[in-house]
Amino acid sequence: MIADYAQDITPQSLVTLLEKGSNLLVALPSKKQTIITSLAPEFSLILPPPGTPLVSHFPERDTPVTVVPVTPLSSNPILTPNTPPVWFSGVPFAYGNNPLLVPILNAPAESFAADSGSDSGADAVVEAADKGGEGLWAGSQMGLVAGFQALGGARATWVGGVELFSDEYAQKELPQGVKPGNTQFTSDVAAWTFQESLALRIDNVTHHLVGETGPRETYTINDNVVFTAHISKYNSGKSAWEPYSGITDMQLEFTMLDPHIRTSLPPATGNAGEYSVTFRVPDRHGVFKFIIDYKRKGWTHLQSSTVVPVVPPRHDGYPRFLSAAWPYYIGAISTSIGFVLFSTLWLAGDDREANKKFAKTTKTE
Amino acid sequence: MSILSFCLLSLLVVSGTDAAKLSLQSPRFTISSSNATQLRAEPISLAQQPAPLTLGLTDVLKLTFQVIEKDEGKGVQPHQTFLRFYDKVSGEEGIQPIRVTPAGKAKFELNMARPPTSLPPTTSSDPLSVSLLLGSFEYSPVQFDMFDIYLPESQPAPQHPDEATFHPLPTIVHTFRAEQKLPPRPISATFAALVLAPWAVLLGLTVKLCRDVAPFTTIYKGWGIVRPPKKLIPSTPLAQA
């Protein structure tokens, strides 16, 4: 067993690798304490006291108590459904309160961590419950294989012991007489760790006004806007990214400091991989962002942010010719017509010749 | 002969993996309140579970039993004697080890006024199913489902502040300002008609004026006078205007 690592493998260098996007698959040492044991708490994994491997008397079998068959949960999206029980030997750990942890394999309910080898160690087991801060290391809340989805997109999987991957365990027959699921389980775990399964990405996002096709520089308040995102999933069989329409609970936020609108972004019928929603821009102007922030246990985090300014209507963007203004229109038009009519009558109606004649006839009388 | 004894021995070894079984002798539970009055005391039958137990906030549950080997009946101290509290609905679990004397006698006390840290978070409506796990290096492991118990509601398990962002968040709908309200169109039409009212007055008075003045005007037709004007009487309004 390698107790010392090369000079450049330190907990800090491993974390730097993870930040830069490399995926890690780490197995915890069962006997000695190495630098890996000191790195585990950084991932919110709490290890039991040194020298206490996982032990289980159930089910009755002819292997040592430290070699335990564990049944994986069928509902875990990382594993193939109905994987047979796997042989495990190593240390369990407790999960800290961190939502980035993805449990892959939990310990059987009847197992516990102990270092005794005979029935006379029973008292030590009971005293261990009072000693350690976390109490007794027992039950199905302990983990044996846990994944960690880092914020940068890289994945790190922590396994309680290396023997899970060995050929000997893959061939050993289970107490029920069937072949174990070690091969299937380890290839599922490796596929998830190295971004071959449950890996998503956003190909592009677009936005435009209802009725148009291209995006605008700015939108006006109360506009109806269509937002579209294209999402792909990696298909390891074909080594290619394929459009994926299976996300049913994605949400879009239209945010200016706080989300003003949060709606669901459902898959569009017709085009594979397209998710689209139409909504009305709030009647507040300002600089808004279309935000997609999709985080689910086991899946890649999807994050996208598109900035778009929203302006109030221009001077000619308001409704014109309101029905409430009819009296004013009628008034203005009738004033103009009246003026024209009066001017015509005044200028045309003054008959100078007729006045002169009248004046002449009255004077001669 | 040696071959036969070897075969017999190997048979024994094979049958030896079918180890002796463990059992419980006289398992009993007692629920008493904080002032030591007994509320319920029953023996636990492994064949049929007793009715679900209920513990109040200050009650005490005492569990006693002896672990024995099934065939011989002598007391045994197994390596693992755990009480498992499991909530089927939420999946929360708690494991509590029980101290067993070398003679196999075990006693467990659960005081709700000072509950052990190993209890899982409980809800008010779902019971915890309690089972006893016995594991040993020398005997076959065995699990006994003892009873269901209703415990007082506890604080829920603490959640990370970011946990909510890993699930769908509540929908936010923007309440828009109300649409600009306009008065009803008939009212606007009425007032528009009112605006045109002076024209009506003007037309009416013009017509009256024409009618009043018409007798005092000369009507010409074809370079000749058809009708001469009437004379204006000085005392009438038209002459004085």
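Just so you know, these numbers come straight off a predicted model, no measurement behind them.

## Description of the overall build of chain A
Here is step 1 of the chain: In terms of regular secondary structure, chain A is built from seven helices and 19 strands.
Here is step 2 of the chain: The C-alpha radius of gyration of chain A comes to 38 Å, more than 25% above the 21 Å expected for a compact globule of 365 residues.
Here is step 3 of the chain: Counting only C-alpha atoms and orienting by the principal axes, one finds that chain A spans roughly 160 × 45 × 40 Å.
Here is step 4 of the chain: Counting only contacts in chain A whose residues sit at least 6 apart along the sequence, the fraction spanning at least 24 positions is 68%.

## Regarding the overall build of chain B
Here is step 1 of the chain: Within chain B, the secondary structure is distributed over four helices and 11 strands.
Here is step 2 of the chain: Taken along the three principal axes of its C-alpha coordinates, chain B extends 170 × 60 × 35 Å.
Here is step 3 of the chain: In chain B, once contacts between residues fewer than 6 apart in sequence are set aside, the share between residues at least 24 apart is 59%.
Here is step 4 of the chain: Approximately 15,700 Å² of chain B is accessible, and the part contributed by carbon and sulfur atoms is 62%.
Here is step 5 of the chain: Averaging the locations of the 21 positively and 19 negatively charged side chains of chain B gives two centres separated by 30 Å.

## Quick look at the domain arrangement of chain B
Here is step 1 of the chain: We note that the domain assignment places domain 1 (3–150) and domain 2 (185–225) within chain B.
Here is step 2 of the chain: The C-alpha centroid of domain 2 of chain B is placed 113 Å from the C-alpha centroid of domain 1 of chain B.

## Focus on the sheet that holds strand 4 (residues 60–69) of chain B
Residues and elements named next belong to chain B.
Here is step 1 of the chain: The four strands lie next to each other as 2-1-4-7, forming an open sheet whose pairing is antiparallel. At either margin of the open sheet sits one strand with a lone partner, and together these are strand 2 (38–43) and strand 7 (105–111). Averaged over all neighbouring strand pairs, the angle between strand axes comes to 15°, with direction disregarded.
Here is step 2 of the chain: Sheet topology note: the strand 1 (residues 22–32)/strand 2 ladder contains five bridges and is antiparallel. Paired with threonine 30 across the strands is alanine 41, a residue of strand 2.

## Some thoughts on the UniProt feature "transmembrane region" (unreviewed entry) in chain A
Here is step 1 of the chain: Following the UniProt record, the feature "transmembrane region" (unreviewed entry) maps to residues 326–348 of chain A here.
Here is step 2 of the chain: Within the segment residues 326–348 of chain A, helix and strand shares are 100% and 0% respectively, and the terminal C-alpha atoms sit 32 Å apart.

## Overview of the packing of aromatic side chains
Residues and elements named next belong to chain A.
Here is step 1 of the chain: By the definition in use, this model includes 14 aromatic pairs over all chains.
Here is step 2 of the chain: When the centroid spacing of 6.1 Å and the interplanar angle of 75° are considered together, the rings of phenylalanine 279 and phenylalanine 290 count as edge-to-face. Of this pair, phenylalanine 279 sits in strand 17 (residues 274–280) while phenylalanine 290 sits in strand 18 (residues 286–294); the two residues are 11 residues apart in sequence, bridging distant segments of the chain.
Here is step 3 of the chain: In this structure an aromatic cluster arises from ring pairing among Phe227, Phe254, Phe279, Phe288 and Phe290.

## Re the domain arrangement of chain A
Here is step 1 of the chain: When cut into domains, chain A gives domain 1 (11–194), domain 2 (200–311) and domain 3 (323–359).
Here is step 2 of the chain: The C-alpha centroid of domain 3 of chain A is placed 64 Å from the C-alpha centroid of domain 2 of chain A.

## So, the environment of B:Phe108
All names here are of chain B.
Here is step 1 of the chain: Within the secondary structure, phenylalanine 108 sits in strand 7.
Here is step 2 of the chain: Since its relative accessible area comes to 7%, phenylalanine 108 is described here as buried.
Here is step 3 of the chain: Distance in space between the C-alpha atoms of phenylalanine 108 and phenylalanine 82 is 11 Å, their sequence separation being 26 residues.

## Let's talk about the sheet that holds strand 16 (residues 258–264) of chain A
Residues and elements named next belong to chain A.
Here is step 1 of the chain: What the five strands build is an open sheet, ordered 12-19-18-15-16; its pairing is mixed. Single-partner strands in this sheet number two, and they are strand 12 (219–220) and strand 16.
Here is step 2 of the chain: Two strands pair when backbone bridges link them, and strand 18 and strand 19 (residues 302–311) are joined in this way by nine bridges, in the antiparallel orientation. Paired with isoleucine 291 across the two strands is serine 305, which belongs to strand 19.

## Focus on the environment of B:Pro43
Residues and elements named next belong to chain B.
Here is step 1 of the chain: Structurally, the position occupied by proline 43 is in strand 2.
Here is step 2 of the chain: Note on proline 43: relative accessible area 55%, which makes it exposed.
Here is step 3 of the chain: The sequence separation of proline 43 and phenylalanine 29 amounts to 14 residues, and the corresponding C-alpha distance is 6.3 Å.

## Focus: the interface of chain B and chain A
Here is step 1 of the chain: Across the boundary between the two partners, chain B contributes 54 residues, which contact 58 residues of chain A.
Here is step 2 of the chain: Here chain B meets chain A over a buried area of about 4,800 Å², counting both sides, of which 59% is carbon and sulfur.
Here is step 3 of the chain: Between the two partners, chain B and chain A, sit zero salt bridges.
Here is step 4 of the chain: Put simply, chain B and chain A have 16 residue pairs in polar contact (both at pLDDT 80 or more) between them.
Here is step 5 of the chain: Of all the secondary-structure elements, those providing two or more residues to the side of chain B that touches chain A are strand 5 (80–86), strand 6 (93–97), strand 8 (128–135), strand 9 (142–150) and helix 2 (185–195) of chain B.

## Regarding the side chain of A:Ser89
Residues and elements named next belong to chain A.
Here is step 1 of the chain: As for its placement among the helices and strands, serine 89 is situated in the loop between strand 5 (86–88) and strand 6 (93–95).
Here is step 2 of the chain: Judged by its relative accessible area of 13%, serine 89 falls in the buried class.
Here is step 3 of the chain: Non-local contacts of serine 89, meaning those with residues more than four positions away in its chain, are made with Thr66, Val67, Gly161, Glu163 and Tyr169.

## What about the pattern of salt bridges?
Here is step 1 of the chain: Within the structure shown, the criterion is met by 10 salt bridges over all chains.
Here is step 2 of the chain: Here A:Arg296 makes a salt bridge to A:Asp249, at a shortest N to O gap of 3.0 Å. In this pair, A:Arg296 is assigned in the loop between strand 18 and strand 19 and A:Asp249 in the loop between strand 14 (240–243) and strand 15 (251–256), connecting sequence segments 47 residues apart.
Here is step 3 of the chain: Among the residues examined, A:Arg296 registers a relative accessible area of 11% and is labelled buried.
Here is step 4 of the chain: For B:Lys74, the salt bridge identified is with B:Glu69, shortest N-O distance 3.5 Å.
Here is step 5 of the chain: With relative accessibility at 7%, the residue B:Glu69 sits in the buried group.

## Examining the confidence of the model for chain B
All names here are of chain B.
Here is step 1 of the chain: Overall, the prediction assigns chain B a mean pLDDT of 85, with 92% of residues at 70 or greater.
Here is step 2 of the chain: At the level of individual helices and strands, chain B shows its lowest average pLDDT in helix 1 (residues 2–16), which scores 49, and its highest in helix 2, which scores 94.
Here is step 3 of the chain: Confidence over residues 9–17 falls short of pLDDT 50; this stretch has one contact with residues more than four positions distant or in other chains.
Here is step 4 of the chain: Prediction confidence for the complex, expressed as pTM and ipTM, is 0.81 and 0.80 respectively.

Here is what the cut-offs are and how they apply
Starting afresh in each chain, residues are numbered from 1 along the sequence in its written order. Starting at A for chains and at 1 for ligands, labels are handed out in the order in which the entities are written. Restriction of local features to residues with pLDDT of at least 70 applies here, the model being predicted, together with a cutoff of 80 or more for giving and counting side-chain atom pairs; totals for whole chains, interfaces and linings are based on all residues. In computing side-chain properties, one takes all heavy atoms of the structure into account and sets aside hydrogens as well as water. Under the DSSP-based scheme used, a helix requires at least four consecutive residues in state H or I and a strand at least two consecutive residues in state E, with every element numbered from the N terminus. Between the two quantities, the radius of gyration covers C-alpha atoms and the globule rule is 2.2 Å times the number of residues to the power 0.38. Working rule for contacts: check all heavy atoms of both residues, and any pair within 4.5 Å makes them a contact. Accessibility throughout is a Shrake-Rupley quantity obtained with a 1.4 Å probe, and a residue counts as covered only by protein chains that appear here. Within this scheme the basic residues Lys and Arg register as positive and the acidic residues Asp and Glu register as negative, but His and the chain ends are omitted. In plain terms, the charge of a residue is placed at NZ if it is Lys, CZ if Arg, CG if Asp and CD if Glu. Residue ranges for the domains trace back to a domain assignment, done automatically or taken from a database. A pair of strands is considered paired only if DSSP assigns at least 2 bridges between the two. Axis definition: a line fitted to C-alpha atoms, over the contacting stretch in the case of helices. Angles run 0 to 180 degrees between N-to-C directions. UniProt positions are given in the numbering used here, feature names are shortened, and annotations may be inferred rather than shown by experiment. We call Phe, Tyr and Trp rings a pair once their centres come within 6.5 Å, taking the six-membered ring for Trp, and we label the pair stacked below 30 degrees between planes, edge-to-face above 60, and tilted otherwise. Think of it in three bands: with a 1.4 Å probe and only protein chains considered, a residue is buried below 20% of the maximum accessible area for its type, exposed above 50%, and partly exposed in between. Here the buried area means the combined drop in accessible surface, using a 1.4 Å probe, for two parts upon being joined, counting both sides. Here, a salt bridge means any side-chain nitrogen of Lys or Arg that lies within 4 Å of a carboxyl oxygen of Asp or Glu. Pairs of N or O atoms within 3.5 Å make up the polar contacts considered here, provided that, within protein, one atom can donate a hydrogen while the other can accept it, and that residues adjacent in sequence are counted only when both atoms are side-chain atoms. Confidence of the predictor at the level of single residues is given by pLDDT, which spans 0 to 100.

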